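Results of the structural survey
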Amino acid sequence: MEITLTVNGEKVTADVEPRTLLVHFIRDELRLTGTHVGCETSYCGACTIHLNGEAIKSCTTLAVQADGAEITTIEGLADGETLHPVQEGFWERHGLQCGFCTPGMIMQAAKIIEENPDPSEDEIRHGIDGNLCRCTGYHNIVKAIEYAAAKARGEEPEPAEWETV
Amino acid sequence: MYPREFEYVAAGSVEEAAQLLEDNPGAKVMSGGMSLIPMMKLRLLSPELVVDIGRIPGLNTIEDRGDHIAIGALVRQRQIAESPLIPMALKTAAAQTGDAQVRNTATFAGAIAHADVAADTPTAFVALGGTIVAKCVDGEREIAADACFVDTLTSALEANEILTEVRIPKSGGGSAYDKLGRRGGHTDYSVAGAAAWVADSSGRECRVAVGGVGTIPALASGVMEAMASGASPEDAAERACEGITVLEDLYGSEEYKSHLAKVFVRRALEQAMANAS
């Protein structure tokens, strides 16, 4: 089936089998390998992307369902050389260890702070219910999202914990 | 994990989708796909044709029709969780379904059609006394909530029928839903959960449904009988599993799940009574 969609601002037309999962289309056809395949059962969230402005799991979406859609992947989140506040937060607050869950975490976190500019720690943790970190590095992931939320509000983030001990 | 090969049609109307189902007995309907696609990836299901109703216009609304709220087949769990028109039991159940990304994609009607006993919203739907509208080429019929679920992952929908709308009566009173999720708290599928609707804060006139423990989300008729005769929620909850075959699974023994059902029936009733006052 022929599908046409906009990926990170660029129009893409391709011929796909109906059974092609969106994540495989993104990785294998478009060669955008920042979106990861983790559990493949829609639990882990490593495949999270934005489809028509909402965070979704691309391993549980058919590429044909995305015909006509606008998609943003981790590669399309930064504004040129300027990192998205969440990307900056993960960098500044060491929000990753092995990095495998990071693209999905960042895509979901971007939506959390877009919809709720001043989330509490509970709201952040609840917001990333659908993203698993097998390094269990949630502490700094939460700190990274708090940093990003502050930055996006135009405020100075809290100093890093290691700067205050 | 790829599904087996299948044909795919994005239907433009309910009529077109119904005709496709009529002509292709091996077809399955897809709305959000959050239940169907995992089943196909695990090859528990391998339909020859997937009829995608996701692009049909007009099925994405929540409407107040005076005596009931009409929820279109494409309304996402997230919309249910955020809508001021939805009674508290169903709002809560939708908010506790899956995770944020899942709620952005999964539809409420799809959860009913999928008929998973561990899902949250079908249990609330039963307690609220809703109905579904099923359409096929010959017309449509309305199915009451307590007749919607037949067995494990089996709804009353025929293979040629499409669930186009869910109706929730505007019964007033108060309602509530509570559960234990598989990952603790309210996160993930329910190990056991209960929804309650009460006509007023006395709780005497009520509908209570139990999910997660048997094969289908079921009315707890023993609890309702006890409440009608003036029992306290705590005493009435002792009858939570009457008529339900509680099944042991990976998440708990029969004894543990029976205990949880009582706990959540009591909590749902108490909360519904508080919400009614």
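Sequence order as written defines the numbering, with residues in each chain counted from 1. Labels are handed out in written order, letters beginning with A for the chains and numbers beginning with 1 for the ligands. In keeping with the model being predicted, local features are shown solely for residues with a pLDDT of at least 70 and side-chain atom pairs are shown and tallied solely at 80 or more, while totals for entire chains, interfaces and linings include all residues. Think of the side-chain values as coming from all heavy atoms in the structure, minus any hydrogens and water.

Some points on the overall build of chain B
Helix and strand counts for chain B stand at 11 helices and 14 strands. Principal-axis analysis of the C-alpha atoms places the extent of chain B at approximately 55 × 45 × 30 Å. Residues are treated as being in contact if the distance between any of their heavy atoms lies within 4.5 Å. Restricting the contact set of chain B to residue pairs at least 6 apart, pairs at least 24 apart contribute 61%. When the accessible surface of chain B is summed, it comes to about 11,100 Å², and 48% of that surface belongs to carbon and sulfur atoms. One finds the centroid of the 24 positive side-chain charges in chain B at a distance of 6 Å from the centroid of its 37 negative side-chain charges. Only DSSP runs of H or I covering at least 4 residues are called helices, and only runs of E covering at least 2 are called strands; the numbering of each starts at the N terminus. Under the convention used here, a 1.4 Å probe and the Shrake-Rupley method define accessible areas, while residue burial counts only the protein chains that appear. Charge counting follows a simple rule: Lys and Arg are positive, Asp and Glu are negative, and His as well as the terminal groups are ignored. In this description, the location of a charge corresponds to atom NZ of lysine, CZ of arginine, CG of aspartate or CD of glutamate.

What about the domain arrangement of chain B?
All names here are of chain B. Domain annotation of chain B identifies domain 1 (7-52), domain 2 (62-169) and domain 3 (174-276). Domain start and stop positions are those given by an automatic or database domain assignment. With centres defined by C-alpha atoms, the gap from domain 2 to domain 3 works out at 19 Å. With 24 residues of domain 2 in contact, the opposing surface of domain 3 contributes 27 residues. Reported buried area values correspond to the accessible surface (1.4 Å probe) lost by two parts on association, with both partners' losses combined. When domain 2 packs against domain 3, close to 2,000 Å² is buried across both sides, 60% of that on carbon and sulfur atoms. In this structure, Lys179 engages Asp120 in a salt bridge whose closest nitrogen and oxygen atoms are separated by 3.1 Å. For this analysis, a polar contact is any N or O atom pair within 3.5 Å, provided that within protein one partner can donate a hydrogen and the other can accept it, and provided that sequence-adjacent residues contribute only side-chain to side-chain pairs. Remark: the boundary between domain 2 and domain 3 carries 10 residue pairs in polar contact (both at pLDDT 80 or more). Counting only elements with at least two residues in the side of domain 2 that touches domain 3, the list comes to helix H4 (88-95), helix H7 (121-127) and strand E8 (149-151). With 5 residues, H7 is the single largest residue contributor to the side of domain 2 that touches domain 3. Its residues assigned to classes, the side of domain 2 that touches domain 3 shows 14 nonpolar, 6 polar and 4 charged. Only one rule defines a salt bridge in this text: a Lys or Arg side-chain nitrogen within 4 Å of an Asp or Glu carboxyl oxygen. In this classification, Asp, Glu, Lys and Arg are treated as charged, Ala, Val, Leu, Ile, Met, Phe, Trp, Tyr, Cys and Pro as nonpolar, and every other residue, Gly included, as polar.

Some thoughts on the packing of helix H2 (residues 85-92) of chain A against helix H3 (residues 102-115) of chain A
What describes two packed helices is the angle between their axes and the distance between those same axes. All names here are of chain A. The N-to-C vectors of H2 and H3 enclose an angle of 125 degrees; their axes lie 9 Å apart at closest approach. Our classification of the angle between H2 and H3 gives oblique. Here H2 runs over H3; the crossing is right-handed. For the pair H2 and H3, the contacting residues are Val86, Gln87 and Phe90 in the first and Thr102, Met105, Ile106, Ala109, Ala110 and Ile113 in the second. Counted by class, the contact of H2 with H3 contains 7 nonpolar, 2 polar and no charged residues. Axis lines are fitted through C-alpha atoms, for helices just across the contact stretch, and the angle between N-to-C directions can take any value from 0 to 180 degrees. Relative orientations are named as follows: roughly parallel for angles under 35 degrees, roughly antiparallel for angles over 145 degrees, roughly perpendicular for angles from 65 to 115 degrees, and oblique for any other angle. Left-handed describes a crossing whose near helix is turned anticlockwise from the far helix through less than a right angle; right-handed describes the clockwise counterpart.

A short note on the pattern of salt bridges
Tallying each qualifying case throughout the model produces 26 salt bridges over all chains. With a shortest N-O distance of 3.7 Å, Arg78 of chain B and Glu54 of chain A are connected by a salt bridge. Here the residue Arg78 of chain B occupies a position in helix H3 (residues 77-82), and Glu54 of chain A occupies one in strand E4 (residues 54-57), the pair thus bridging two chains. Using a 1.4 Å probe on the protein chains alone, a residue whose accessible area is under 20% of its type maximum counts as buried, one over 50% counts as exposed, and one in between counts as partly exposed. The class for Glu54 of chain A is partly exposed, based on a relative accessible area of 30%. When the shortest N-O distance is used, the salt bridge between Arg153 of chain A and Asp118 of chain A registers 3.1 Å. Taken together, the positions of Arg153 of chain A in the loop between helix H5 (138-152) and helix H6 (161-164) and Asp118 of chain A in the loop between H3 and helix H4 (121-127) put the pair 35 residues apart, joining distant regions of the chain. A network of salt bridges, in which partner residues are shared, links Glu63, Arg65, Glu142, Glu165 and Arg167 of chain B.

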